[in-house]
Amino acid sequence: MNLPEQWNQILKNECNKAYYLTLMRTIDQEYEDEVVFPPKSDIFYAFELTPFDDVKVVIVGQDPYHGPEQAQGLSFSVKPGVKIPPSLQNIFKELKNDLQMEAPTQGCLIPWAKQGVLLLNTVLTVRQGHANSHKKLGWETFTDAVITALNAREKPVIFLLWGRHAQMKETLLTGKHHTILKASHPSPLSARTGFFGSKPFSTINSILTSQGEPPIDWRLKKGKCLG
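Presented here is a report on the structure given in the accompanying data block. (Residues numbered from 1 in each chain as written. Predicted model: local features only at pLDDT ≥ 70, side-chain atom pairs only at ≥ 80, totals over all residues. Heavy atoms only, no water.)

1. Observations concerning the nonpolar core
Nonpolar side chains in soluble globular proteins tend to end up buried together. Cut-off, in case you're wondering: Residues belong to one nonpolar core when they are buried, are Ala, Val, Leu, Ile, Met, Phe, Trp, Tyr or Cys, and are joined through side-chain atoms within 4.5 Å. Three exposure classes are used, based on accessible area relative to the maximum for each residue type with a 1.4 Å probe and protein chains only: buried under 20%, partly exposed in between, and exposed over 50%. Elements are defined by DSSP. Helices are runs of H or I of four residues or more, strands are runs of E of two residues or more, and each kind is numbered from the N terminus. Contact criterion: two residues are considered in contact whenever any of their non-hydrogen atoms come within 4.5 Å of each other.
Trp7, Trp112, Trp139 and Phe142 are the most contacted members of the largest nonpolar core, which has 69 residues in total. The leading source of residues in this core is helix 6 (residues 139-151), at 7 residues. When residues no more than four places from it in sequence are discounted, the contact partners of tryptophan 7 are Phe47, Thr50, Pro51, Phe52, Val55, Leu118, Val146 and Leu150.

2. Thoughts on the sheet that holds strand 2 (residues 57-61)
What counts here: When DSSP finds at least two bridges between two strands, those strands are taken to pair. Structural elements are reduced to axes, namely lines fitted to C-alpha atoms, with helices fitted over the stretch in contact, and the angle between N-to-C directions of any two is expressed from 0 to 180 degrees.
The sheet built from 4 strands is open, its strands ordered 3-2-5-6 with parallel pairing. Both edges of this open sheet fall to strand 3 (117-121) and strand 6 (179-183), since each of them pairs with a single strand only. Mean inter-strand twist for the sheet, computed between neighbouring axes without regard to direction, equals 20°. Across 4 bridges, the pairing between strand 2 and strand 5 (residues 158-162) is parallel. Each bridged residue has a counterpart across the sheet, and for isoleucine 59 the counterpart in strand 5 is leucine 160. Contacting strand 2, strand 3 and strand 5, helix 6 runs over the sheet at an angle of about 150° to strand 3.

3. Looking at the environment of leucine 172
Of note, leucine 172 is situated in the loop between helix 7 (163-167) and strand 6. Once you skip the residues sitting within four places of it in the chain, leucine 172 turns out to touch Asp144, Ile147, Thr148 and Asn151.

4. Considerations on the packing of aromatic side chains
Where we set the bar: Stacked, edge-to-face and tilted labels apply to pairs of Phe, Tyr and Trp rings (six-membered ring for Trp) whose centres lie within 6.5 Å, assigned for plane angles under 30 degrees, over 60, and everything in between, in that order. Distance and angle both matter: a charge sits over a ring if NZ of Lys or CZ of Arg is within 6 Å of the ring centre and within 35 degrees of the ring normal.
Applying the stated criterion to the full structure yields 15 aromatic pairs. Between phenylalanine 76 and tryptophan 162, the ring centres sit 5.7 Å apart and the planes meet at 70°, which makes this aromatic pair edge-to-face. Of the two residues, phenylalanine 76 is situated in the loop between strand 2 and helix 4 (86-99) and tryptophan 162 in strand 5; the sequence distance between them amounts to 86 residues. For the pair phenylalanine 76 and tryptophan 162, a shared accessibility class is recorded, and that class is buried. Ring centres 6.0 Å apart and planes at 55° place the aromatic pair tryptophan 112 and phenylalanine 201 in the tilted group. Taken together, the positions of tryptophan 112 in helix 5 (residues 110-113) and phenylalanine 201 in helix 8 (residues 200-210) put the pair 89 residues apart, joining distant regions of the chain. Judged by relative accessible area, which is 1%, tryptophan 112 ranks as buried. For phenylalanine 201, a relative accessible area of 0% puts it in the buried group. Taking the ring centre of phenylalanine 52 as reference, the NZ or CZ of arginine 153 above it sits at 5.7 Å.

Okay, here's the thing in structure tokens:
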């Protein structure tokens, strides 16, 4: 349950703080006593797939899916073969309408992560069947540090903040060279109040192209979701 080397170098001071050491002990005990998602080996999977220097886009989620076999350590993503959750279905509807492409039929977002899209939940673990059960254990402080480190980076980052919870992180984003894109959450409860029609995917690619970066290939082909 360790950060990959590049992220560890960036966040080593954070990982030596008292709150973080307490958090790690608490999480270890939770995995001993409860059913916790994602699998312990996948807690930092987003950081494994998207090294610090490679981050182009950050999509901020809340906490992992709390149903069996869903969470894989990436915000909004589910393991291959798992039914696509409602919020992700809405993300795919917007993707289809934005880019006039077929909506993906599987919900594993690993191909996005490998292209520089950091799929970051603000809380990285959860008890089975209990959404937000690991809220305020210390993960929020840690992911604030992740976003602060990216904010301090010279290379621009596009931050995608969907919904009130993600938008609370906006105060950390002081770098004028970064881009902040905001919309309502893709949840069925709020998608029609500003998420649908926000065109995040074409907007991101237009910004990347203007910066001389290759655009993200948002297609999710079957058989391409490999760790």
